[in-house]
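Listed below are the residues making up each chain.
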Amino acid sequence: METFISLTWSQDVEDNEARVLVYTVTHLIAQLGKRLPFWFQFQSLPQIRPFGDWVILMMPRGSAYSSMDWYIEHSIIPDRQALDGNAYLQLVEMEPWQSSTPHFDLALVGKDLNDAQGRSVLSMVRDGVAAVISVYQLRRSFEQEELIVKLSHLVAHNLGRVVGIPLHNRKTGLLHIGQNVYCAHLCAMRPVVGLEDLVELSEQIAEEWGLYCETCQREMGAVFVSRYYGIN
Ligand SMILES: [Zn+2]
């Protein structure tokens with residue numbers, strides 16, 4: 001089945017930041033395409049659909065699942081002005097069109113993002129479904145130019161997580177941290193838990209648009225091809 005990557009962002013995301021999301025994902029998928037035979041590129045690479053700060057005009061204003069705003073309003077922690085990452089991802093999983101048109105979902109938000117323990121985090125992921133990325137910490141730590149590079153790496157990392165790389169059955173080059181599996185190579189799929197990890201990653205990766213190692217690129221290609229043919 002043909003799949004797509006949905007890119008959305010909230011109202012408080014700057015144009016520059018939204019552009020990093022769209023360009024990074026487009027760049028990484030195009031890079032991946034260069035490695036695949038034409039037929040596979042044409043058939044199995046996901047479409048990229050930048051919906052942005054979307055509203056479904058056909059639906060009554062403010063009704064459930066009718067706009068990006070609705071998702072934000074329904075996952076905000078009122079007294080903190082932060083988003084509850086789990087609540088947000090749960091809404092994405094529950095959305096009515098999730099089962100009819102399965103897709104990968106990447107969202108960018110301006111508000112701070114909290115994990116289940118109430119800690120401020122850079123991003124949160126539901127493997128195989130969605131990730132939500134916050135620019136809140138990045139804005140407080142970096143100037144514009146640096147923010148763009150760091151955000152690009154964070155987007156690359158989360159795209160990989162959503163697609164499900166590194167594959168857990170890889171023979172070597174895996175790192176296990178808690179429940180999560182990361183790539184041990186010089187790669188955007190190295191562990192990125194906090195801001196320090198992101199800084200370290202950006203220092204090691206010279207490519208500005210974020211880069212996956214050979215193994216991760218091969219694995220991502222394999223995920224898309226097998227998804228297209230319905231193989232799990
Ligand atoms: Zn890798």
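Up top is the structure.
Quick caveat, the model's predicted, so the values are computed rather than measured.

Procedures and definitions
Residues numbered from 1 in each chain as written. Predicted model: local features only at pLDDT ≥ 70, side-chain atom pairs only at ≥ 80, totals over all residues. Pairing = 2+ DSSP bridges. Helix = DSSP H or I, 4+ residues; strand = E, 2+ residues; numbered from the N terminus. Axes fitted to C-alpha atoms, helices over the stretch in contact; angles between N-to-C directions. Parallel < 35°, antiparallel > 145°, perpendicular 65-115°, else oblique. Left-handed = near helix turned anticlockwise from the far one by under 90°. Contact = placed C-beta atoms within 7 Å. Nonpolar A, V, L, I, M, F, W, Y, C, P; charged D, E, K, R; others polar. Buried ≥ 20, exposed ≤ 12 C-beta atoms within 10 Å, placed from the backbone.

Before going further, it helps to examine the sheet that holds strand β2 (residues 47-52). Reading across from one edge, β2-β1-β5-β9-β8 is the order of the five strands in this open sheet, with mixed pairing throughout. In this open sheet, the two strands that pair with only one neighbour each are β2 and β8 (123-126). Sheet twist, expressed as the average angle between the axes of neighbouring strands with direction ignored, equals 15°. Where β8 lies against strand β9 (residues 130-134), four bridges are found, and the strand directions are antiparallel.

This brings us to the packing of helix α1 (residues 15-35) against helix α6 (residues 144-163). Where α1 contacts α6, the two axes come as close as 9 Å, and the packing angle between them is 50°. Considering their axes alone, α1 and α6 lie oblique with respect to each other. In this structure, α1 meets α6 at a crossing whose hand is right-handed. Taking contact as the criterion, the partners of Asn16, Glu17, Val20, Leu21, Thr24, Val25 and Leu28 in α1 are, on α6, Ile148, Leu151, Ser152, Val155, Ala156 and Leu159. Class assignment of the residues belonging to the contact of α1 with α6 gives a composition of nine nonpolar, three polar and one charged.

Where burial is concerned, most of β9 is hidden: five out of the five residues are buried. Judged by which residues are buried, β9 turns out to be covered on both faces: Ala130, Val132 and Ser134 on one side and Ala131 and Ile133 on the other are all buried. Summarising the sheet, strand β5 (residues 104-109) and β9 pair through five bridges and their orientation is parallel. Paired with Leu106 across the strands is Ala131, a residue of β9. Once β8 ends, the chain turns through three residues before running back antiparallel as β9, passing Gly128 with a positive phi of about 80°.

These results come straight from atomic positions and should not be treated as a statement about function.
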